[in-house]
Amino acid sequence: MGGIVGKLLSVNVGLPKDVPWEGRTVHTGIWKTSVEGPRRVRRLNVDGDGQGDLQGHGGEQRAVLVYQIDSYAHWRRHLGRDDFAYGQFGENFTVDGLPDDEVCIGDRYRIGTAVFEVTQPRVTCFRVGLRMGVPEMASLLVGHRRPGFYLRVITEGDVTAGDDIERLSVGSGEVSVTEADALLYLPGPRDPARLRAALDNPALSPGWQGSFRDLLADSPVARPAWPGFRPLAVTRVRRESEDTVSFYLAPGDGSALPVALPGQYLTVRVPDGSVRSYSLSLGSSGYRITVKHEPGGEVSGYLHSRVTEGDALEVAAPRGDFTMADASSPVALISAGIGITPVLAMLHALAETGAERGVRWLHVTRSVRTQVFADEVRTLLDRIPGARQKVFFTAPEPGEPLPPHAETGRPTASGLAGLGITPDTDAYICGPAGFMTAMADALAGVGLPAGRVHTELFGTLAAVNPGVVGARHVRPHPPASQGTGPEVTFARSGLTVRWGEEYGSLLELAEACDVPVRWSCRTGVCHTCVTGLLAGAVRYRTEPLEPPAVGDALICCSVPVREDVVLDL
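As a starting point, this report considers the structure included with it. (Residues numbered from 1 in each chain as written. Predicted model: local features only at pLDDT ≥ 70, side-chain atom pairs only at ≥ 80, totals over all residues. Heavy atoms only, no water.)

Across all of its chains, the model carries 0 disulfides by this definition. Cysteine Cys 556 shares no disulfide, and the gap to the nearest cysteine sulfur, in Cys 529, comes to 3.7 Å. With no disulfide of its own, Cys 557 has Cys 556 as its nearest cysteine by sulfur position, at a separation of 3.9 Å. Residue Cys 557 is classed as buried on the basis of its relative accessible area of 3%. (Disulfide = S-S within 2.5 Å. Buried < 20%, exposed > 50% of the residue type's maximum accessible area, 1.4 Å probe, protein only.)

Let us now look at the packing of aromatic side chains. The final tally for this structure, using the stated rule, is 13 aromatic pairs. Considering the side-chain rings of Trp 21 and Trp 519, the 5.8 Å spacing of their centres and the 45° angle between planes classify their relative orientation as tilted. Taken together, the residues Trp 21 in strand S2 (residues 17–21) and Trp 519 in the loop between helix H12 (506–512) and strand S28 (530–535) connect sequence positions 498 residues apart. You'll find Trp 21 and Trp 519 in the same group, each marked buried. When the ring of Trp 499 is compared with that of Tyr 503, the centres are 6.1 Å apart and the planes differ by 50°; the resulting orientation is tilted. (Phe/Tyr/Trp six-rings, centres within 6.5 Å; stacked < 30°, edge-to-face > 60°. Helix = DSSP H or I, 4+ residues; strand = E, 2+ residues; numbered from the N terminus.)

According to the stated counting rule, one finds 29 salt bridges in the structure shown. With its nearest N and O atoms 3.6 Å apart, the salt bridge here joins Arg 319 to Asp 552. Placement of Arg 319 in strand S18 (residues 312–319) and of Asp 552 in strand S30 (residues 552–554) is noted, with a sequence separation of 233 residues between them. The class for Asp 552 is partly exposed, based on a relative accessible area of 25%. Put simply, Arg 43, Glu 60, Arg 108, Glu 117 and Arg 152 are held in one network by salt bridges that share partners. (Salt bridge = Lys/Arg side-chain N within 4 Å of Asp/Glu carboxyl O.)

In this section: the packing of helix H5 (residues 192–199) against helix H6 (residues 206–217). Look at H5 against H6: their axes get within 10 Å of each other, and the N-to-C directions meet at 150°. Considering the angle they form, H5 stands roughly antiparallel to H6. Read as a crossing pair, H5 and H6 show a hand that is left-handed. Residue-level contacts link Pro 192, Leu 195, Arg 196, Ala 198 and Leu 199 of H5 to Gln 209, Phe 212, Arg 213, Leu 215 and Leu 216 of H6. Across the contact of H5 with H6, the residue classes tally to 7 nonpolar, 1 polar and 2 charged. (Axes fitted to C-alpha atoms, helices over the stretch in contact; angles between N-to-C directions. Parallel < 35°, antiparallel > 145°, perpendicular 65-115°, else oblique. Left-handed = near helix turned anticlockwise from the far one by under 90°. Contact = heavy atoms within 4.5 Å. Nonpolar A, V, L, I, M, F, W, Y, C, P; charged D, E, K, R; others polar.)

What follows covers the nonpolar core. In terms of nonpolar packing, the biggest core is built from 54 residues, with Val 64, Phe 93, Phe 116, Met 137, Val 159 and Phe 212 touching the most fellow members. A total of 6 residues in this core trace back to one element, the largest contributor, which is helix H4 (residues 177–185). Discounting residues that sit within four places of it in the chain, Val 64 has contacts with Val 41, Val 46, Asn 92, Phe 93, Phe 116, Phe 149, Tyr 150, Leu 151 and Val 153. Judged by nonpolar contacts, the second largest core, of 37 residues, contains Cys 125, Trp 519, Cys 556 and Leu 567. (Core = buried A, V, L, I, M, F, W, Y, C linked by side-chain atoms within 4.5 Å.)

So this is what it looks like as structure tokens:
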């Protein structure tokens, strides 16, 4: 178990700097330089070192990155290069020995006067490709099973190139770095026993623990109920308020519709090709979308003014993961304005099952005149034993009498506590971004853990662009020059443009349009960029290590085939 198992060949450090990249600037600490003499290793860093993006790198669990000289030799052969210097892969310690398939999560090592513990494999990040001049490097590290690994500092001390590496103990479960990396990133059935073995090891970093828990909890991903768009007949049109209308939908041939999960949404395409997504607002009894007409809203304007009973709408299959957990815990359904629709579908489901889950209903609207579904909500709550509700009016009409269970103003943490929302409640929130943030804070104030607070945001999702500084925040727009290829529609952004071969991927096209996007590795490994493929087909210029689920696309490495594409972006 113990004994000398390797040697520290080089200590490498570097402070973050701004680096130009594809017309943007990336703040990164991936450039490391070998240093001579002893270096102090502290809880968060080697002296003289730093990380540019502390969301993905650094911190106590990722204080020191290790890479092996044997992998240097492998990449020299594979890439046909002879220009590598210590620190080439962004590592702090270049070592002889400690191969990824022998080092285990939780192993402890003494180097110099410091003691370290292995916490996780290297993060898949595009910046190693930036440093190497090999954009696909993040994928290669995983695919060749040579990721390297991070260390936590157990005992601060001094290290020097030439120090022996002594193994003090082996991590519980003996899950190697290679195995842990494969469990997260590589395709094929994942052995639940090995996932549990990794989770049982307290040394595994919290981020990887969360990922492995998600893998254990995952049920098989359901395919979209139908590909692309199909016509559904409008069987009923009902006005809910002066600016809100519901549309009931069914197959024109009278066949049954696939059951949607409460909280999911439909994407509708109108004749000019514009698309918008609307939450379903019924339970299992059918499809109903409820549309508020916003000033300048082209799709909502078309639906309100042109669509009548007997017409047909082009509709994509139900999607979305803002759905109720299958549990017996109390439920709080919280909404503002038209955000009522997905939580109303959840309320229908709770009323249909008759489950006694301590349902709490909280809705915020301007006035009685703007409140929608008041009677429907009251009827559903009456069917659920012990259910309670509270409605807040933020701008009531002068002299307007308030209905029962209503008050003026906005909900607060004390108001939530008065409604009987307890720390074991699962809360589902839909409304404007500021409202959801305020409600999440208020729920935290009554003791709800963050994991029990679920939100649904319509419109574009917040961008994830690790390390990019000075990013523009502008309304999505056509690119400076459009190609002549298939149309690409970004559904959430309300934008349709033509594909051009000058773009390396759908991600690059989206970036040229300032469509908010989410990515990390840019090579099909991490799946951060996974996006709903509502219509059309894609091919992969860099084949992902693990394909996405049917109905999704990894936009960082995919392009349209020949037909038009609609993305949930």
